[in-house]
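Spelled out from the first residue to the last, the chains are:
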Amino acid sequence: MRREATQPAGRERQDDAPDDALLVARAREGDQDAFEDLVHRHGPALLGLATRMLGDRAEAEDAVQDAFVNAWRRLPEFRGQAAFRTWMYRIVTNRCLNQLRARRPATGLEAVPEPAAPEYQASPERLAESNAAMRALAEAVSDLSPEQRACWVLRELHDLSYDEIAQAVGVGRQAVRGRIFRARRHLTTAMEAWR
Amino acid sequence: MNGRQVPPDGTGDDEALPCGTPLRAVWEAYDAGTAAQDPHLGTCPHCTAALHELTVLDGFVERARSADRSPAVDPDPFTTRVMELVRLEVRSGPALPLGGAEEDLWIVEAAVAKAFRAAVDALPGVRAGSCRVRPADSGAEAGGGSVRVDLEVVTSLERNLQEVAEAVRHRVVDSAHRALGLEVDAVDVTVADVLDDSGQAHGTTFSYAAAPGTGTAPGHGSGGRFGGPGTGGGPVPEGGTGR
Amino acid sequence: MTPHDTRQEIERTVAAAAGRVPGVASLSPRLPRLLRDGTARFVRAAGRGEQVPGVHARLDTDRHTWHVEVKVTTLSGHRALDVTRAVRAAADGAAHAALHGARDAVAVTVTVTAVV
């Protein structure tokens with residue numbers, strides 16, 4: 001059975017933590033402390049997304065930082081049509097896609113290192129094996145086209161709905177489903193050796 | 001490992017298993033949680049194998065999820081880094097007059113709003129959101145700098161909304177006098193959301209408008225709206241007579 | 001002394017006096033704008049033409065009045081109005097002292113930019 005769509009971490013309401021809508025209302029009016037709470041709350045997931053997308057933590061930090069600075073500038077126009085979290089996912093996804101499209105010609109497939117699967121498979125070190133499997137997954141994800149990667153990561157690692165993904169990536173709902181299917185097709189094959 | 005070939009977009013979507021079932025249908029049944037009920041999927045070796053492949057992937061995905069979604073630690077260097085940039089771009093709003101008109105003393109709207117929100121947040125079960133503060137029309141005529149406040153709050157359902165609005169108004173006026181030294185002409189309180197025990201917002205909007213110090217008991221309007229003709233209906237304070 | 005020297009001296013003495021007023025957390029520098037080049041880099045340049053953070057003095061076109069603008073961050077627990085009045089008094093005294101007995105008038109504006 002698939003996991004249930006979980007409540008994202010940012011939406012949990014704690015007694016002492018105002019929810020996103022409230023923080024956004026404050027930040028829109030120039031309250032930088034409220035914005036800091038939003039950055040703290042959503043930064044880790046967005047960094048996770050950007051790192052999966054760009055394959056590089058330092059680049060991801062730059063991308064998410066710029067996305068937040070942009071969001072701060074654009075907050076006065078943000079009227080809460082979407083949740084802040086969805087809005088940020090859209091900004092970060094868009095930024096990562098642009099970055100990947102810009103560098104695609106320079107990075108051919110040969111630039112992606114081959115995963116060192118078979119020898120680790122027999123290793124008695126379970127941790128090493130598990131880390132190697134995670135690396136293999138990351139590399140298989142990096143084989144995907146930017147759009148496939150975005151759709152798959154947003155769905156499988158961040159629980160966005162098909163509609164939210166469609167908005168974030170800028171394609172239709174059916175195209176999102178198709179991309180996720182093809183991404184899985186590739187990833188199941190790539191991870192076969194790790195059963 | 002081979003299999004580095006990623007199906008390009010628009011191809012391979014109709015790939016069928018040897019039994020004729022489209023792979024995509026098998027996986028979508030898994031997503032929907034209906035795979036177990038399907039008699040064919042349960043017995044067909046091809047479909048079972050396809051489901052198994054996905055389960056294997058899912059195990060790795062689950063680990064990647066937990067690795068990617070660990071919450072920020074405190075202190076959080078990334079947040080600090082972002083805020084260094086954000087704090088360079090101040091949006092403090094217009095300056096509002098403090099003290100007498102001739103005094104040339106000012107305080108920016110964002111600082112006033114922050115003080116008011118903090119005062120309101122101190123009330124149990126109440127949280128302040130948007131807080132706009134602007135010079136009151138009557139303020140200039142009275143020769144002093146007085147302001148009018150529009151405040152949105154969320155509160156828990158079990159509270160009497162009229163009491164909440166009254167308490168909020170009191171906190172704002174008190175904070176204006178004691179913490180800032182700002183004259184408040186009127187406070188409009190809008191209950192923008194009512195939260196139930198689970199924290200779910202109902203999206204109902206209630207509005208309450210009144211001026212401080214008048215002791216006006218607002219009448220009940222229909223649909224949970226208080227304070228007569230909309231949010232702009234604060235009574236004129238004594239002294240601030242018409243033009 | 002040239003007007004430029006006078007301006008600098010007013011700004012320095014006013015800043016020192018205002019910074020000592022109880023309830024003042026800091027003087028608020030005018031902030032540089034972020035470069036909108038879409039990257040994480042930015043220039044942490046000093047505010048344009050602002051030698052003394054939080055204080056700006058200029059001589060009126062009448063050549064007899066110094067307009068002194070003071071921007072402060074105040075401490076919560078101190079009433080903002082009282083702090084700004086004290087800052088104005090301190091700034092006024094400091095500016096006159098910096099003028100060394102010149103008959104120029106001083107007009108002080110105080111703005112609270114944040115309460116911390």
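Residues numbered from 1 in each chain as written. Chains lettered and ligands numbered in written order. Predicted model: local features only at pLDDT ≥ 70, side-chain atom pairs only at ≥ 80, totals over all residues. Heavy atoms only, no water.

An unreviewed UniProt entry lists chain C under the name Asp23/Gls24 family envelope stress response protein, with Streptomyces sulfonofaciens given as the organism.

Peer 1: What's the story with the nonpolar core in this structure? I'm lost.
Peer 2: Where a protein is soluble and globular, its nonpolar side chains tend to be buried together. If you look at the biggest cluster of nonpolar residues, it comprises 83 residues, and the most contacted ones within it are A:Phe35, A:Phe68, A:Met88, A:Val92 and A:Trp152. By residue number, the principal contributor to this core is helix α2 (residues 32-54) of chain A, which donates 10 residues. Of all hydrophobic cores here, the second largest spans 62 residues; its members include B:Leu96, B:Val112, C:Leu27 and C:Leu99. (Core = buried A, V, L, I, M, F, W, Y, C linked by side-chain atoms within 4.5 Å. Buried < 20%, exposed > 50% of the residue type's maximum accessible area, 1.4 Å probe, protein only. Helix = DSSP H or I, 4+ residues; strand = E, 2+ residues; numbered from the N terminus.)

Peer 1: Teacher, can you tell me more about empty space enclosed by the protein here?
Peer 2: Where empty space is left becomes clear once a probe the size of a water molecule has been rolled over the atoms. For the structure shown, the criterion picks out 2 cavities of 30 Å³ or more. The computed volume of the largest cavity comes to approximately 80 Å³. Around the largest cavity, the lining residues are A:Tyr162, A:Arg177, A:Ile180, A:Phe181, A:Arg184, B:Arg24, B:Trp27, B:Glu28 and B:Asp31. Elements represented by at least two residues in the lining of the largest cavity include exactly α9 (173-190) of chain A together with α1 (23-32) of chain B. When the residues that make up the lining of the largest cavity are grouped by side-chain class, the tally is 4 nonpolar, no polar and 5 charged. (1 Å grid on protein atoms, 1.4 Å probe; cavity = no way out; pocket = protein on both sides within 12 Å on 5 of 7 lines; lining within 4 Å. Points joined across faces, edges and corners; volume = space filled by probe spheres on them. Nonpolar A, V, L, I, M, F, W, Y, C, P; charged D, E, K, R; others polar.)

Peer 1: Sorry if this is basic, but what is going on with the interface of chain B and chain A here?
Peer 2: Accessible area lost upon the coming together of the parts serves often as the stated size of an interface. Listed per partner, the contact involves 64 residues of chain B and 74 residues of chain A. At the boundary of chain B with chain A, the tally comes to 14 salt bridges. In this structure, the salt-bridge partner of B:Arg81 is A:Asp62, at a minimum N-O distance of 2.6 Å. In this structure, the connection of chain B to chain A is made through 24 residue pairs in polar contact (both at pLDDT 80 or more). At the level of secondary structure, the elements contributing two or more residues to the side of chain B that touches chain A comprise α1, α3 (45-68), α4 (77-86), α5 (109-121) and β3 (126-135) of chain B. (Contact = heavy atoms within 4.5 Å. Salt bridge = Lys/Arg side-chain N within 4 Å of Asp/Glu carboxyl O. Polar contact = N/O pair within 3.5 Å; in protein donor to acceptor, adjacent residues only side chain to side chain.)

Peer 1: What's the story with the interface of chain B and chain C in this structure? I'm lost.
Peer 2: Facing 20 residues of chain B, the contacting portion of chain C comprises 21 residues. With both sides pooled, the region where chain B packs onto chain C buries about 1,800 Å², and carbon together with sulfur makes up 59% of that total. Inspection of the region where chain B meets chain C yields 2 salt bridges. For the pair chain B and chain C, the interface holds 10 residue pairs in polar contact (both at pLDDT 80 or more). The set of elements that each furnish at least two residues to the side of chain B that touches chain C consists of α4, β2 (105-108) and α7 (161-180) of chain B. Classifying every residue of the side of chain B that touches chain C by side-chain character gives 11 nonpolar, 3 polar and 6 charged. For β2(B) and strand β4 (residues 105-115) of chain C, the ladder comprises 3 bridges, and the chain directions are parallel. Residue pairing in the sheet places B:Trp106 in a bridge with C:Thr111 of β4(C). (Buried area = accessible area lost by both parts, 1.4 Å probe. Pairing = 2+ DSSP bridges.)

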